[in-house]
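The chain contents come next:
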Amino acid sequence: MSNPTDESGQTRPKKKLIINAFVEMCSGHQSPGLWRHPSDQSHNFTSVQHWMELAKLLESAKFHGIFIADVLGGYDVYRNSLTPAIVSGAQWPVNEPLSVVPAMAAATKSLGFGVTVSTSYEAPYHLHRRLATVDHLTNGRLGWNIVTSYLDSAARNIAGREKQVAHDERYEQAEEYLRVMYKLFASSWRDDAVVLDRERGVYTDPEAVRQINHEGKFFSVPGPAIVQPTPQRVPLLLQAGTSKAGKLFAAQHAEAIFVSSHAPQVCAKNIAEVRQLAREKFGRDGSKIKVLSLVTPILGRTDEEAKEKLADYRKYASTEGALALFGGWTGMDLSKYGDDEELREVESNAVRSTVDAYARFSPPGSKWTKHTVAEHVSIGGNDPILVGTPEQVADGLEAWINEADVDGFNFAYALFPGSFQDIIDLLLPELRKRGLFRDGYAVPGGTYRENFYGTQGQKYPLEKHIASKYQWKAGVPSEEHKIPE
């Protein structure tokens, strides 16, 4: 497969891919019902050993990290009930993800941990303390996937509201939230504030700690931060969101963007727009914003073996669980429609346009009913599944690189941990053969950011990133570093 060209027509060098495992603290995750498969172990998600063994497996294969998704409520749009999710185990029950990260870090040396935490319900001061603590305990291997919560079930249970705050207002709040977090992470303590002077009995230099005195529309936080500066100062910042507000947020704050699309053509425009916004509006190098696409590979040593695996997995997939997930992701209750009803012909514009997007790459003449949607979603969720030999799947990944300009992949599983073992045994050797994946960590024992960028010493956000101007550097008097607003 030929290399893509840049705007000047020059051949772009091959990328060294960023590879993460994509999981959630639940059973099945993106493939509801697969917990029933005799080879699946995802139901052991309540065991700390379960996660430690996964971390060790991934580090042995030189994965960059584990990307841990999360939700704060149940999927109750389908049938206007939580029951389908409860029965099928569709991301229910689900545990809090940050708690297990220190245990996984203790079992590894270089693997990073990208954890999803919402800005919608937790005070910035408290979340700063939680994230900073884990960045310390992991020796700087924490990433924060910044999200604004989208499930009304979470709003009812946490905030006592029937509905979520409107989409754009959630992003306006998140924008201020990030500024508070930057102040707490990087401006409240100077890099060298902790002196541990035993002779003078001074633990921390009081001249190197200050209040942030943030007063905004949504938050009032005097400070100072309660946790000393962490190895990365600010966790590696990850974000997912392709709305207008989401793209603007990513262009300013994200170091990595997580995308989930049916095909590379669908997300290519959004990726290009984010990078252009970053360059033109925020003075960042858009190429430094790394884009990770969600993919579920189903691998076999032969094409037939891979297809047999998929057919086997479909026997265990849950239609009800898939429609519960679809309802939560889209807000659409497909129980309202008949079993044989063509969804591209129904009255609802939202349903028609959503299903059209699914059907765009299906064979001509295909009928799209709610059962078609369920089959599509039941293995891998909204992301594409790539089925075939290592060579065929690698070709599919290269298409994403060439057509959408992605920099890596979050690999979801059908079976836990078997899907990851197949990736390690079959796919990674093929990617290495093509020069697309590394043989080892760029900075063994380094921070998540150092290994993410492949640069020793790059512990802190890049110079052009907004967070860098908040950093109160060693030796600088407070009057010479004003806290940015």
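To keep things clear, this report deals only with the structure shown in the data block. Keep in mind that what you see is a predicted model, and the values were worked out from it rather than measured.

1. Some details on helix 14 (residues 418-433)
In this model helix 14 runs 22 Å from its N-terminal to its C-terminal C-alpha over 16 residues, within 8% of the 22 Å that 1.5 Å per residue would give. Taken as a whole, helix 14 carries its principal kink of about 40° at Leu427; the proline Pro429 stands between one and four residues after it. The complete set of buried residues in helix 14 reads Ser419, Phe420, Asp422, Ile423, Ile424, Leu426, Leu427, Leu428, Glu430 and Leu431. Buried residues along helix 14 sit in contact with strand 1 (18-24), helix 1 (48-60), strand 11 (290-299), helix 9 (303-314), helix 13 (390-404) and strand 13 (408-411). Where helix 14 ends, the next residue or the one after it, Gly435, has phi of about 75°, a positive value.

2. Side note on the side chain of Ser468
Note on placement: Ser468 falls in the segment after helix 15 (448-453). Relative accessible area serves as the criterion here: at 19%, Ser468 is assigned to the buried category. Apart from residues lying up to four places away in sequence, Ser468 is in contact with Pro461, Leu462 and Glu463.

3. Thoughts on the environment of Asp339
You can see Asp339 is positioned in the loop between helix 10 (319-330) and helix 11 (349-359). A residue is classified by how much of its surface remains accessible, and Asp339, at 45% relative accessible area, is partly exposed. For the pair Asp339 and Glu375, spaced 36 residues apart in the sequence, the C-alpha separation amounts to 13 Å. Excluding residues that lie within four positions of it along the chain, Asp339 makes contacts with Thr369, Lys370 and His371. In this structure the side chain of Asp339 is engaged in a polar contact, spanning 3.1 Å, whose partner is the side chain of His371.

4. A word on the packing of helix 4 (residues 124-137) against helix 6 (residues 167-187)
Running from N to C, helix 4 and helix 6 cross one another at 50°; their axes reach a closest spacing of 10 Å. Comparing their axes, helix 6 and helix 4 come out oblique. Considering how the two elements wind past one another, helix 4 and helix 6 form a crossing that is right-handed. Contact residues: helix 4 offers Pro124, Tyr125, Leu127, His128, Leu131 and Ala132, while helix 6 offers Tyr177, Val180, Met181, Leu184 and Phe185. Considering only residue class, the contact of helix 4 with helix 6 consists of 10 nonpolar, one polar and no charged.

Parameters at a glance
Going along each chain's sequence as written, the residues are numbered from 1 onward. Where totals are concerned, whole chains, interfaces and linings use all residues; where local detail is concerned, this predicted model gives features only for residues with pLDDT of at least 70, and gives and counts side-chain atom pairs only at 80 or more. Values reported for side chains reflect all heavy atoms of the structure, with hydrogen atoms and water molecules removed beforehand. Helix numbering and strand numbering both begin at the N terminus, where a helix is a DSSP run of H or I of at least 4 residues and a strand a DSSP run of E of at least 2. A helix is expected to span 1.5 Å multiplied by its residue count minus one. Two axes enter the definition of the bend at a residue: one is fitted to the seven residues ending there, the other to the seven starting there, and the bend is the angle between them. Relative accessible area decides the class of each residue, using a 1.4 Å probe on protein chains only: under 20% of the type maximum gives buried, over 50% gives exposed, and in between gives partly exposed. Here a residue-residue contact requires only that any non-hydrogen atoms of the pair lie within 4.5 Å. Here a polar contact is recorded for every N or O atom pair within 3.5 Å, except that within protein the pair must consist of a potential hydrogen donor and a potential acceptor, and residues adjacent in sequence are included only if both atoms are side-chain atoms. Angles run from 0 to 180 degrees between N-to-C directions of axes, and those axes are lines fitted to C-alpha atoms, restricted for helices to the stretch in contact. Angle categories are assigned with fixed cut-offs, so that under 35 degrees is roughly parallel, over 145 is roughly antiparallel, 65 to 115 is roughly perpendicular, and the rest are oblique. For any pair of crossing helices, the crossing counts as left-handed if the nearer helix is rotated counterclockwise from the farther one by less than a right angle, and right-handed if it is rotated clockwise. Here the term charged refers only to Asp, Glu, Lys and Arg, the term nonpolar to Ala, Val, Leu, Ile, Met, Phe, Trp, Tyr, Cys and Pro, and the term polar to all other amino acids, Gly among them.

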